[in-house]
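# Working through the structure, step by step
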Amino acid sequence: MGKVVAQANMSLDGYVAKQDNTIGRLFDWLQIGEVAIPTPAGDFTVHLTPPSAEHLRRWVSLLGALVCGRTLFDVAEGWQGRHTLDVPVVVVTHRVPTDWVDAHPDAPFSFVTDGVEAAIARAQELAGDRVVAVAGGTIARQCLELGLLDEVAVDLVPVVMGEGNRPFFGELSSEILLGDPTACVQGDRVTHLVFPVPR
């Protein structure tokens, strides 16, 4: 099985979105460089500095599936049936959006109603030996508390938002100490960090 990695673009004060779920300056680094990279789904092109381009190419090459919560799925409008990273998506939800499923019959999306552990297991089936990425703070927090994460990958953006919809992991039931970063890539207006999660 591949690693399970929580991934987020994050402000210095720990936010991944503003109060209204917009992203503010968190993704500016995707359009300030000279290296043009089309997204795997081909829906747009990013323009990165060479260090960020190398980092993104490596991340995309390892990715096998994505797990997210229903809020992120709804905010992103289901990515119109094909995620930007062009991998299968597993959505943790209390209710399957049957109208959306009917409207996107070929979309590689799975909707899991029996919890985060089942969602991770489904994503690992789909990903094989590739990485399962966990997006969205609520799902990432549950995975962290359940011992399901191998790493936390943060694209740290030098902006202080002051407030947001909540810090990435939200309120944990207890403090969790991560390992020292195994990767630290300095881009322009972003630092790419990877922290191991002790088992």
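Shown above is the structure to which this text applies.
First things first, this report covers the structure right here in the doc.

Reading the values: the criteria
Residues numbered from 1 in each chain as written. Predicted model: local features only at pLDDT ≥ 70, side-chain atom pairs only at ≥ 80, totals over all residues. Heavy atoms only, no water. Pairing = 2+ DSSP bridges. Helix = DSSP H or I, 4+ residues; strand = E, 2+ residues; numbered from the N terminus. Axes fitted to C-alpha atoms, helices over the stretch in contact; angles between N-to-C directions. Contact = heavy atoms within 4.5 Å. Phe/Tyr/Trp six-rings, centres within 6.5 Å; stacked < 30°, edge-to-face > 60°. Buried < 20%, exposed > 50% of the residue type's maximum accessible area, 1.4 Å probe, protein only. Salt bridge = Lys/Arg side-chain N within 4 Å of Asp/Glu carboxyl O. Polar contact = N/O pair within 3.5 Å; in protein donor to acceptor, adjacent residues only side chain to side chain.

Read from one edge to the other, the open sheet built from eight strands follows the order E6-E5-E4-E7-E1-E8-E10-E9, with strand pairing classed as mixed. One side of each edge strand has no neighbouring strand; the edge strands of this open sheet are strand E6 (109–112) and strand E9 (183–186). In this sheet, adjacent strand axes meet at a mean angle of 20° when their direction is disregarded. Taken together, the four bridges between strand E4 (residues 63–69) and strand E7 (residues 131–134) define a ladder with parallel strand orientation. Across the sheet, the residue bridging to Val67 is Val134, located in E7. Contacts between helix H1 (residues 50–62) and the sheet are confined to strand E1 (4–11), E4, E7, strand E8 (151–157), E9 and strand E10 (191–196), with E4 contributing the most and set at about 90° to the helix.

The next point concerns the packing of aromatic side chains. One pass over the full model with this rule turns up seven aromatic pairs. Ring geometry for Phe73 versus Phe111: centroids 5.3 Å apart, planes at 85°, classification edge-to-face. One end of the pair, Phe73, is in helix H2 (residues 70–75); the other, Phe111, is in strand E6, and 38 residues separate them in sequence. For Phe111, a relative accessible area of 16% puts it in the buried group. Connected via pairs of aromatic rings, a cluster forms that spans Phe73, Trp79, Trp100, Phe109 and Phe111.

Here the focus is the pattern of salt bridges. Enumeration over the complete set of coordinates arrives at seven salt bridges. Arg70 is the partner of Asp74 in a salt bridge, and the nearest nitrogen-oxygen pair spans 3.0 Å. Of this pair, Asp74 and Arg70 both sit in helix H2, four residues apart, roughly one helical turn. Its relative accessible area of 18% is what places Arg70 among the buried residues. For the salt bridge of Arg141 with Glu145, the shortest nitrogen-to-oxygen distance reads 3.5 Å. With Arg141 and Glu145 both in helix H5 (residues 137–145) and four residues apart, this pair spans about one turn of that helix. Look at Arg141 and you get partly exposed, because its relative accessible area is 21%.

With respect to the helices and strands, the residue Thr39 is situated in the loop between strand E2 (35–38) and strand E3 (45–48). By relative accessible area, which is 10% here, Thr39 ends up buried. Within the structure, Thr39 has its side chain in polar contact with the side chain of Asp43 (distance 2.4 Å). Thr39 has contacts with Phe44 and Thr84, leaving out every residue within four places of it along the chain.

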